[in-house]
Amino acid sequence: MRGPARPIGTTSLTLLLQAVKRNHVTTFVLSLAVFLLLLKTLLQGQGLSRYALTSSVDGSLVVGIAAMGETLVILAGGFDLSVGGIISFLNVVLATHLGFSPAGEMGGVALILALGAALGLCNGLLVVSLHLQPIIATLATSFVWSGAALLVLNQPGGVVPASFVNALTGDWGPVPAGLIVACAAAGVWYAICRHRYGTFLYASGGDPEAAAANGVPVGRTLLITYTLAGLFYGGAAVFLTAQTAGGDANIGAPLLLPVFAAVVIGGTVFGGGQGNAVASLLAGFILDLIGEVLFVLGVASFYTDIFEGLVLVAAVLATTLAAALAGRRREHAGATAR
Amino acid sequence: MREPLQDKEGVTSTVATEIQTANLGREMRAVWRRNLWMVAPAYAGVLFLLVVGYIIHPSFDSLTHLGTLVVLASFVIVIGFGQGLAILTGGLDLSLPYVMTFAAVELALANSSAHSSLVWSTLWVLGLCVMIGVVNGLGIVWLKLSPIVMTLATNTVLNGGVLVLTNGAPGGSSPGALLTLMNGQLFGNVPILVLPLAGFVIAGVVLLERTTFGRRVYAVGNSPTVAWLSGVNVGAIVVSVYAVSALCSGLGGLMLLGFANQSFIGMGDQYLLPSIAAVVIGGASALGGRGKYIGTIGGAILLEALSAVLGALSQSAAVQDILYGLIILLAMLAVRV
């Protein structure tokens with residue numbers, strides 16, 4: 001998908017400004033993330049060490065990747081409350097079934113990604129084939145998967161090989177592994193956008209009836225959406241297992257609200273049709289940075305939540321303001337990722 | 001003897017009147033039947049569960065057990081009214097957990113001072129909750145934020161607020177009167193709570209079904225634009241809805257405090273999903289505009305009865321959770337069909 005040919009006189013700066021205008025939300029979120037990172041570095045007094053960057057990225061990746069999956073569902077006009085349950089279940093399965101060889105580890109990761117997709121597919125079938133309302137269907141499945149997680153591992157435990165932990169939380173050459181995982185997740189998202197499915201996704205979420213009238217297979221799109229969301233949850237679970245080096249059936253439950261916060265800060269609109277997953281990933285990063293900045297400032301950790309709530313409101317307001325300034329109220333469906 | 005209607009020219013038409021009244025009666029009966037179909041599955045489920053419970057454990061239907069069931073279900077019955085209102089207008093109140101926690105913590109704190117008066121403390125706490133609800137509503141109406149965003153933000157801020165208030169360690173205990181209300185019994189078996197709970201239920205049903213406010217809530221839920229064009233002050237209705245929802249959450253928190261005689265961080269977390277589930281199982285549409293409080297009550301009792309039966313069936317929390325989720329799904333399919 002190439003853009004229009006460049007007219008004479010269009011400078012790179014113009015193109016950059018056009019790209020920014022088209023993707024104003026992502027730009028805003030990225031700027032906020034960079035600002036917070038710089039603020040933290042400034043306040044800490046030390047330079048931007050690789051360790052600091054890695055720990056920031058690692059701390060936010062689980063929420064960020066899970067939020068990418070949730071964004072997909074919300075873009076399609078749905079709702080997924082089962083994030084926590086699915087991640088808990090995948091976490092305990094991985095912690096109890098991870099092989100001790102590189103092939104075993106990769107096999108484990110592949111298993112979890114596939115399992116996540118399968119669980120997502122279950123959600124999708126309930127919503128699409130059985131026509132259940134997404135809120136209650138995913139609420140119910142969250143109980144089922146949390147319960148299943150308890151069945152697998154009713155006490156925190158599991159065995160995670162050190163090589164697995166190091167692979168995902170260490171460095172791959174000069175680059176932190178977390179950054180590579182983040183880029184991979186973003187890459188998957190951009191692949192989705194380029195594909196015809198991406199257009200269908202925005203169309204189904206924006207206006208399902210109009211989309212159906214235009215030949216978009218809304219039902220199938222929703223099914224694929226929930227499945228892909230499950231895939232992202234699998235990715236989040238893999239990273240979580242590496243981070244915590246163990247399995248805990250209760251680990252997913254507290255993730256629900258931060259994931260929603262990240263989706264909201266990333267500019268995705270409940271109801272569908274507007275938003276993008278990379279902004280949610282960056283928003284996960286922002287949520288973590290807020291905590292770190294406050295920590296560096298010496299503010300008691302109790303106040304972090306208050307600030308997070310305020311940032312939530314401020315971010316959404318700023319997003320709306322940015323949209324108004326950029327001159328449009330609503331992205332036309334199927335357009336570029338914002 | 002029915003008076004015949006008179007049209008403008010003063011011509012009476014008894015035949016037209018008769019048909020009109022008959023149609024009205026038929027319509028009202030149809031509405032009543034539709035509401036019944038919407039609400040019945042929840043109560044059918046409750047009956048079914050009570051039977052199953054009795055089969056498993058013959059003392060299940062004893063008054064004591066039923067009394068305990070009602071007390072345990074009372075929390076969701078109360079908070080379900082508020083959440084139901086929010087869902088009716090097409091939104092959601094995600095600030096429920098920490099409004100509950102905040103109310104409990106604040107009353108416990110107020111109660112721990114020597115010169116506390118229960119009445120004034122309770123009014124103070126509930127007043128604060130109403131203010132929180134108003135803030136929610138204003139954010140939704142003035143700032144045009146989605147209800148999910150606004151209430152999520154409020155919940156997060158209240159979370160921090162409670163931590164700051166209590167320095168991370170909530171203390172204090174429940175006022176004695178509240179303890180008695182939640183745990184005491186009349187005539188040996190019937191919980192005292194049943195009386196005020198019945199009053200609350202009646203008030204809730206009357207508010208939604210018989211007042212202008214209730215009609216306007218349904219109007220806003222069905223179509224804010226049409227409601228606006230019909231002269232309904234949509235903004236005021238939305239703000240009131242979230243104020244009432246926060247009030248109900250606060251009441252729920254106080255009830256929890258009285259029941260457990262302690263407040264702790266996160267005490268409200270486990271009530272968010274059941275409050276939504278009760279409303280939806282009771283026949284409400286998640287998109288708004290449709291639903292009855294009677295249905296929510298049925299949903300709340302069903303969820304509690306389900307927990308009780310599952311607890312009797314299996315000791316394993318895992319199996320209980322899995323079955324809980326599966327049965328909610330079945331209940332939803334039944335409501336839909």
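Because the structure is a prediction, the values reported are computed rather than measured.

Together, A:Trp172, A:Val175, A:Leu179 and A:Ile180 make up an exposed nonpolar region whose accessible area comes to about 290 Å². Tracing the sequence through the fold places A:Ile180 in helix H8 (residues 177-194).

Right, let's get into the packing of aromatic side chains. For the coordinates displayed, the defined rule picks out seven aromatic pairs over all chains. Aromatic pair A:Phe79 and A:Phe260: ring centres 5.3 Å apart, planes at 35°, arrangement tilted. Of this pair, A:Phe79 sits in the loop between helix H3 (50-75) and helix H4 (83-97) while A:Phe260 sits in helix H12 (residues 256-265), and the two are 181 residues apart along the sequence. There is no split in this pair, since A:Phe79 and A:Phe260 are both buried. Each ring, one from B:Phe81 and one from B:Phe200, has its centre 6.0 Å from the other, and the planes form 85°; the classification is edge-to-face. With B:Phe81 in helix H2 (residues 63-88) and B:Phe200 in helix H7 (residues 194-210), this residue pair connects regions lying 119 residues apart in the sequence. With respect to class, B:Phe81 is no different from B:Phe200; both count as buried. Grouping aromatic residues by their ring pairs yields a cluster made of B:Phe75, B:Phe259 and B:Tyr271.

Right, let's talk about the interface of chain B and chain A for a bit. Contacts between chain B and chain A engage 38 residues on the former and 35 residues on the latter. Note on chain B versus chain A: buried area summed over both sides is about 3,200 Å², and carbon and sulfur give 86% of it. Three residues stand out in chain B for area buried against chain A, namely B:Leu152, B:Leu273 and B:Leu329, and they jointly supply 16% of the buried area on that side. Between chain B and chain A we count zero salt bridges in total. Taken together, the connections running from chain B to chain A amount to zero residue pairs in polar contact (both at pLDDT 80 or more). Breaking the side of chain B that touches chain A down by element, the ones donating at least two residues are helix H5 (147-166), helix H11 (272-281) and helix H13 (317-336) of chain B. A per-element tally of the side of chain B that touches chain A places H13(B) first, with 13 residues.

As a further point, take the packing of helix H3 (residues 96-112) of chain B against H5(B). Describing two packed helices takes the angle between their axes plus the distance from one axis to the other. Residue and element names in this part refer to chain B. Look at H3 against H5: their axes get within 9 Å of each other, and the N-to-C directions meet at 20°. Our classification of the angle between H3 and H5 gives roughly parallel. Here the hand of the crossing between H3 and H5 comes out left-handed. Residue-level inspection shows Pro97, Tyr98, Val99, Thr101, Phe102, Val105, Glu106 and Leu109 of H3 in contact with H5, the latter providing Asn155, Leu158, Asn159, Val162, Leu165 and Thr166.

This next bit is on helix H9 (residues 196-206) of chain A. Residues and elements named next belong to chain A. Within H9, eight of the eleven residues are buried, which leaves it mostly tucked inside the rest of the structure. Within H9, the full set of buried residues consists of Tyr197, Gly198, Phe200, Leu201, Tyr202, Ala203, Ser204 and Gly205. Each element contacted by the buried residues of H9 is listed here: H3, H8, helix H10 (208-213) and helix H11 (218-244).

Counting 197 residues, the largest nonpolar core has A:Ile87, A:Leu139, A:Trp189 and B:Ile328 as its most contacted members. Every residue in contact with A:Ile87, bar those within four places of it in the chain, is listed here: A:Ala66, A:Tyr233, A:Ala236, A:Ala237, A:Leu240 and A:Leu255. Counting residues in hydrophobic clusters, the runner-up holds five residues, among them A:Phe200, A:Ala203, A:Ala211 and A:Val216.

What counts and how
Residues numbered from 1 in each chain as written. Chains lettered and ligands numbered in written order. Predicted model: local features only at pLDDT ≥ 70, side-chain atom pairs only at ≥ 80, totals over all residues. Heavy atoms only, no water. Patch = residues over 30% accessible without salt bridge, like charges linked within 9 Å, V, L, I, M, F, W, Y side chains within 5 Å. Areas by Shrake-Rupley, 256 points an atom, 1.4 Å probe, with all protein chains shown as cover. Salt bridge = Lys/Arg side-chain N within 4 Å of Asp/Glu carboxyl O. Helix = DSSP H or I, 4+ residues; strand = E, 2+ residues; numbered from the N terminus. Phe/Tyr/Trp six-rings, centres within 6.5 Å; stacked < 30°, edge-to-face > 60°. Buried < 20%, exposed > 50% of the residue type's maximum accessible area, 1.4 Å probe, protein only. Contact = heavy atoms within 4.5 Å. Buried area = accessible area lost by both parts, 1.4 Å probe. Polar contact = N/O pair within 3.5 Å; in protein donor to acceptor, adjacent residues only side chain to side chain. Axes fitted to C-alpha atoms, helices over the stretch in contact; angles between N-to-C directions. Parallel < 35°, antiparallel > 145°, perpendicular 65-115°, else oblique. Left-handed = near helix turned anticlockwise from the far one by under 90°. Core = buried A, V, L, I, M, F, W, Y, C linked by side-chain atoms within 4.5 Å.

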